[in-house]
Each structure stands twice: as C-alpha cells, then as structure tokens.
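Spelled out from the first residue to the last, the chains are:
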Amino acid sequence: MQKPSIPKGTRDFGPAQVARRQHIFNVIRRTFESFGFAPLETPTLENLSVLTGKYGDEGDQLLFKVLNSGDFAKDVTAEDLATGSKALLPKVAEKGLRYDLTVPFARYVAMNRGTLTFPFKRYQMQPVWRADRPQRGRYREFYQCDADVVGTDSLLCEAEIVLMMAQVLGGLGLHDFTIKINHRGVLRNIYQALGGEGRETDLFVAIDKLDKIGRDGVTKELLERGFSEGTIETLFALLGVEGSYEEKLQRLLAGFVTAGVEPDGTRPTEAEDSAATDDITASYRGLTELAEVRDLLVASGFRQFDRLEFDPTLARGLSYYTGCIFEVKINNVQMGSVSGGGRYDNLTGSFGLPGVSGVGFSFGVDRLYDCLEALDLFTSTAETPTRCLITHFDVASGRAALPLLAQLRAAGIPSELYPDASKLQKQFKYADAKGIPLVIVLGPEEIAAGVAKVKIMASGTERVLPLGEVVAAMTVE
RNA sequence: GUAGAUAUAGCUCAGCUGGUUAGAGCGUCGGAUUGUGAUUCCGAAGGUCGUGGGUUCGAGCCCCAUUAUUUACCCCA
C-alpha cells in the first residue's frame, strides 16, 4: 500500500477551513463590487509566450510549464538534448500555469480592446501557481484577489485602492495594520541623487531589505556593490526622513533640492536652482502625486492616516510598476505582505496595445487566512452549514421525520436527519462535534403524542412542541 | 539554487550515557447512562521508531546514504 500524499506547497481545505476562506472571499468581493469592479475569470493555462519575460529571469524559472499533449518529444532532436533545457523547453511545452492575475488581465484587455468600455474596472479571484520553495506564508498554489483599473491616469484610483484595503481589513476584523505607500518616481529621484547609472535594481533590492538587515547591513551590501560611502550617506539622509505623511513629502523635497537632483535626472543650472521651492515641487511627479492621493483620501472621509505610511524605502520587485506602489502588512504577525499593488503605465504594451495606463492591487487570501488564525480572529468554528439535526430511533421514526425535514429545508433552515438508527448518545455527539446548534428528538413517544423535542445545544435547554409549530418556532430562533 | 533543523501511535510530543515488554496527553472506540452532546469516571484498540545500509553481544538513540517535511537566504501574495 502506498502512502497518499499531495504535491509540495499545496494543501487540502477541510469543511471548516473552506467556510473561513469563503468568509474572506465574501468580504473582498463585497468591497470590490461596492467600488464598481466587475468580475472576470481567465483560464488556468496560458500560452507560455504570454507568461515568459513578464516577471524577470527569476520569475520565468518559477513558472510551472505544462508538457504538450500526445508525443511531446516528437520534435526533439539529439542536438536539442545536448544544448540543454533552454532549447528543449519551447519544443516540449507551449503552455504554463498562470503566475499572477495581472498579466492574464493585460492579455485579456489587449485581446478585447474593441469591445471594452474604458476605463475598465475588473476584479478577479483565482488561484495562481509558483514553483518556488514553500515556507511560512508561501505556497506553490495560492489565491489572489486582484482589482485593477485600466484606461485612466486619475489618482482617484490610487486613493480608492487605499480605501478598499482599509475596508477589507476592517471587515475581516484586522485593525492593526500598516498600509505603506511610495512612488517609483521618488525612488528614481533618490537614485539620481546618488548619481548612479544602470544599477537601479541593485539599489532597490538593497533598500528593500532595510527593515530586515538594518542600516549597517544595507551599507555593507551597497559598498560591496561599488557604491561610495558619500553616496550611501546621501541615500540614508533621504531615506531617513521622519514625521507624518505630509512632513516626509516636504523634507524629501528639501533633500532633493540640496542634493541637486532634478526630476528628469539632469543637474539644475544656477538659474533654476534659485527658483521658488513650490515650482520645483510641481516638477517632482512622485511627490506631487502622493500629495494628491492624500488630498483625495481626506476628501473621501478617510480617517486612518495613522495606518497609512509614506515609506520612501518601499521598492517592490515587479518591474512593471511606474507610479504609486502599495504594500500592506499586518502588525504583530510574522508574515510577509498580505496585499500589494501599484500603477503601471504600459502593461499591455507587450501585447500590442501601448499607452494604456493601469493601476491595481491584490490580496493574498492564504496569508490573510494565516494572519487571522495567528491572531485568533475566526469566530465561526462550525464544520457544517447544518443548523438542525433530527435524531431518530428506528425505521419507523426515521420515516416519520421525513416530512418535518422537508418543511425545515423549505423554510430555509439547513437540516439533516441522522442516517442510521444509532444510539441517541452517538447522534448527539455527532451534532456536538460538528457544531450543529439545534437537535430535534423525534422518537416513538413524541410521534405518539404528535410532538417533537427541540434542544438548544449551547444552553442545553429542551422544549416540547406540537409537530406543527416546530418550524415556526425555529424560524424565530 | 545556497545553508540549517526535523522525521517515534490518527494528532502533538517524551524516550537519560546504546541495555529487558517504546511511553504520555489529545483524539477514536466501548462501558458507567434500554431515549440526550460538551464536563466526570473506568476500559480497549492503535507503533516493522521515514527508508536502506553499517558499527555493536545489543541500536528509537551512534555512523553513512537516501527520501520527505520545515526554517532562513534569493524572490515574492
């Protein structure tokens, strides 16, 4: 006999887990729909040509590729085998499992550009697959819940992303969270302040690790990568700004001016240098957009600015982001971000539809689940939707229970009759173990008297009711 | 891909310096209670100690290999 198993990084979800997951999905779906997003579903399999090259070299390695049907090796030559997997891959696999929901969405928009009404707002809640090493909060199969808008540059979209993030987390009972926001333009300006060239990625990767390895660690890493000490000092002076959202914007701006950085990367002339601060502010797209998002949030009645943090060190890996970027962390839980997103100016470009700006974000349901569990925030532990169990004693009383069972179901009360004429003790244990709140005892005595006993499991109280009144009484409860 | 940790009952784990018949809690099943759960009491079932080699008079324990799981790095939801 072989021991049964499931692939690494995948999970089964039992009835109680599914019920909890559905709760998370419902909160997210309600929020997305209340902001006017419409549902979309795309295939599990995409053509590899759609997926490859969108996530960087690392991402390509993490794609699950699907072997072609039939004789997948029929086009393979001895030469291909000798060359290695790179030459082999396109001949044996033309499909892959989706890696995220944003790229399939971009493909959908490009394919259906003629029929869509822009701005197009869609949400999507489907599993994605990544072939990386599983560990805490990291699975090979997991669900993402994306909401994206394409076809508008309006910063209202960014503001609404913050509103939706807060609404979903609040709806789940997660109140101690931090929404981090930054702008790729700000990062670009910082990069310019360092006068570097072509090492943007090195820098972002190092900056992103700041909260993990600390300032000393980042300094060491940047020195190893060839940045000078003076440069690194400037970097930390800019990154180290403190204060409120508003204050950080102002101090960062002042820092840029001091460092002599212009938004387009050129050095300012002396004349420009003397220009009024306000004019320069307007030219820093990142800073002005972040200020605008803040104003829109205020006007929308957003009150949780203590949970919204402008973090100049926020980098995020996905290279297609060009504007605002977001990331959400649940505090006091050891878990990566539960949500993230940002604006991309040209996502559909590689599918032949350039110049369409979009902004979107995503919730990781599996991580939200893990956070809720770690914080003990799940209220329902019921393993079944059943509200009422009818117990019986023999074939005759089981038969007699069937009309009542039908009435309960017709009244909208999920109900079941215990299938076997087991000992009453066993039937009650079944109800208790599954968290069924109500048990009806319908034995020979009750049938003879035309009544039923109704027991409320939580309190242990029992009531004897005429058979005709049972359903009505339970509808009230 | 790199580095570490772990693997003993259905689950969570003990198991001393290598020494007789490998233990506990929870869960499961039966009984105390011919028709009442969660609480209490009594009892029972359940293990080729991940797998394969080796050392030894003797291995759950030591050594080697292998597989699986897991944590950190990289990257990310």
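Residues numbered from 1 in each chain as written. Chains lettered and ligands numbered in written order. Predicted model: local features only at pLDDT ≥ 70, side-chain atom pairs only at ≥ 80, totals over all residues. Heavy atoms only, no water.

### Regarding the overall build of chain A
The condition is simple: Only DSSP runs of H or I covering at least 4 residues are called helices, and only runs of E covering at least 2 are called strands; the numbering of each starts at the N terminus. With C-alpha atoms as the basis for the radius of gyration, the globule rule is written as 2.2 Å multiplied by the number of residues raised to the power 0.38. Think of it in three bands: with a 1.4 Å probe and only protein chains considered, a residue is buried below 20% of the maximum accessible area for its type, exposed above 50%, and partly exposed in between. The contact criterion used throughout is that any non-hydrogen atoms of two residues lie within 4.5 Å. A positive count includes Lys and Arg, and a negative count includes Asp and Glu. His and the chain ends are not counted in either. To locate a charge, the coordinates of NZ of Lys, CZ of Arg, CG of Asp or CD of Glu are taken.
A count of helices and strands for chain A gives 20 helices and 16 strands. A compact globule built from 477 residues would reach a C-alpha radius of gyration of about 23 Å, whereas chain A, at 29 Å, exceeds it by more than 25%. In terms of principal-axis extent, the alpha carbons of chain A reach across some 105 × 65 × 50 Å. By the burial criterion, 45% of the 477 residues in chain A qualify as buried. Intrachain contacts of chain A at a sequence separation of at least 6 include 68% that bridge at least 24 residues. On chain A, the mean spot of the 53 positive side-chain charges and the mean spot of the 63 negative ones are 7 Å from each other.

### A short note on the packing of aromatic side chains
The test is simple: Note on aromatic contacts: the rings of Phe and Tyr and the six-membered ring of Trp form a pair at centre separations within 6.5 Å, being stacked when their planes are under 30 degrees apart, edge-to-face when over 60 apart, and tilted otherwise.
Taken as a whole and assessed by the stated rule, the structure comprises 13 aromatic pairs. Arranged with centres 5.7 Å apart and planes meeting at 50°, the rings of Phe32 and Tyr123 form a pair that is tilted. In this pair, Phe32 is assigned in helix H1 (residues 15–34) and Tyr123 in strand S5 (residues 120–129), connecting sequence segments 91 residues apart. By the burial criterion, Phe32 is buried, and Tyr123 matches it.

### Overview of the confidence of the model for chain A
Put simply, the rule reads: Confidence of the predictor at the level of single residues is captured by pLDDT, which takes values from 0 to 100.
With 91% of its residues at a pLDDT of 70 or more, chain A has an overall mean of 85. Highest mean pLDDT in chain A belongs to strand S1 (residues 38–39) (97); lowest belongs to helix H13 (residues 270–273) (43). A low-confidence stretch, residues 265–280 stays under pLDDT 50, and its non-local contacts, those more than four residues away or across chains, total 14 contacts. Both scores are given for the predicted complex: the pTM is 0.87, the ipTM 0.81.

### Some remarks on the pairing of strand S4 (residues 93–97)
Quick reminder of the rule: Only strands that DSSP links by at least two bridges are regarded as paired with each other.
Sheet topology note: the strand S2 (residues 45–47)/S4 ladder contains 3 bridges and is antiparallel. By the bridge assignment, Glu46 is partnered in S4 with Gly96. Here 3 bridges tie strand S3 (residues 65–67) to S4, and the two strands are oriented antiparallel to one another. What sits directly across from Val66, in S4, is Lys95.

### Here we look at the layout of surface pockets
The condition that has to hold: Residues are said to line a cavity or pocket when one of their atoms sits within 4 Å of a point; the points come from a 1 Å grid over protein atoms alone, cavities being sets where a 1.4 Å probe fits but cannot get out and pockets being open sets with protein on both sides within 12 Å along at least five of seven lines. Grid points are joined across faces, edges and corners, and a volume is the space filled by probe spheres set on the points.
By volume, the second largest pocket amounts to about 220 Å³. What lines the second largest pocket is simply Asp57, Asp60, Gln61, Lys65, Ser85, Lys86, Leu89 and Pro90. When residues of the lining of the second largest pocket are traced back to their parent elements, those giving at least two are helix H3 (56–62) and helix H5 (85–92). Top element by residues in the lining of the second largest pocket is H5. It accounts for 4 residues.

### Here's the deal with the packing of helix H7 (residues 156–171) against helix H15 (residues 285–299)
Quick reminder of the rule: Whenever a helix is involved, its axis is fitted only over the stretch in contact; in every case the axis is a line through C-alpha atoms, and angles between N-to-C directions fall within 0 to 180 degrees. Oblique is the label for any angle not covered by the other classes, which are roughly parallel (under 35 degrees), roughly antiparallel (over 145) and roughly perpendicular (65 to 115). Left-handed describes a crossing whose near helix is turned anticlockwise from the far helix through less than a right angle; right-handed describes the clockwise counterpart.
It is the contact of H7 with H15, at a shortest axis distance of 9 Å, that shows an interaxial angle of 60°. It follows from the interaxial angle that H7 and H15 lie oblique. The two elements H7 and H15 cross, and the hand of that crossing is right-handed. Across from Leu156, Glu158, Ala159, Val162 and Leu163 in H7, the residues of H15 making contact are Val293, Leu296 and Leu297.

### What about the nonpolar core?
The line we're drawing: Throughout, nonpolar core names a set of buried Ala, Val, Leu, Ile, Met, Phe, Trp, Tyr and Cys residues whose side chains join them through atoms within 4.5 Å.
By size, the foremost hydrophobic cluster in this structure holds 73 residues, and its most contacted members are Ile24, Ile28, Phe32, Leu287, Phe310, Phe363 and Leu368. Ranked by residues supplied to this core, first place goes to H7 with 10 residues. In contact with Ile28, not counting residues within four places along its chain, are Met125, Cys145, Val168, Phe363, Val365 and Leu368. In terms of nonpolar packing, the next biggest core, distinct from the first, is built from 29 residues, Leu116, Leu187, Leu314 and Tyr344 among them.

### Here's the deal with the protein's contact with RNA strand B
We count it as follows: What makes a residue near a molecule or strand is one non-hydrogen atom of that residue sitting within 4 Å of it. In the analysis that follows, any N or O atom pair within 3.5 Å is treated as a polar contact, provided that within protein one partner can donate a hydrogen and the other can accept it, and provided that, for residues neighboring in sequence, both atoms belong to side chains. When residues are grouped by polarity, Ala, Val, Leu, Ile, Met, Phe, Trp, Tyr, Cys and Pro land in nonpolar, Asp, Glu, Lys and Arg in charged, and all others, Gly among them, in polar.
In the vicinity of RNA strand B there are 38 residues, among which Arg130, Arg138, Ser337, Glu445 and Glu462 approach most closely. For RNA strand B, the fraction of protein-proximal atoms (within 4 Å) that sit in sugar or phosphate groups is 46%. For RNA strand B, a sugar or linking oxygen lies 2.5 Å from a polar atom in the backbone of Ser337. Take Met457: an N or O atom from its main chain is 2.6 Å from a base nitrogen of RNA strand B. Among the secondary structure elements, those contributing two or more residues to the surface near RNA strand B are strand S6 (141–150), helix H18 (424–434), helix H19 (444–449) and strand S15 (451–456). In terms of residue count, the dominant contributor to the surface near RNA strand B is H18 (5 residues). Of the residues that constitute the surface near RNA strand B, the class distribution is 11 nonpolar, 9 polar and 18 charged.

### Side note on the packing of H1 against H7
Two elements in contact, H1 and H7, have axes whose closest approach is 9 Å; the angle formed by their N-to-C orientations is 150°. Our classification of the angle between H1 and H7 gives roughly antiparallel. Pair H1 / H7 crosses with right-handed handedness. Mapping the contact onto sequence places Val27, Ile28, Thr31, Phe32 and Ser34 in H1 and Met164, Gln167, Val168 and Gly171 in H7.

### Description of the sheet that holds strand S12 (residues 388–391)
Pairing is mixed in the open sheet, where 5 strands are placed in the order S13-S12-S14-S15-S16. The outermost strands of the open sheet, each flanked by one partner alone, are strand S13 (415–417) and strand S16 (462–466). Between one strand axis and the next, the sheet turns through 25° on average, direction left out of account. Taken strand by strand, helix H17 (residues 395–410) contacts S12, S13 and strand S14 (438–441), and its axis lies near 170° from that of S13. Contacts from H18 reach S12, S13, S14 and S15, with the element oriented near 175° to S12.

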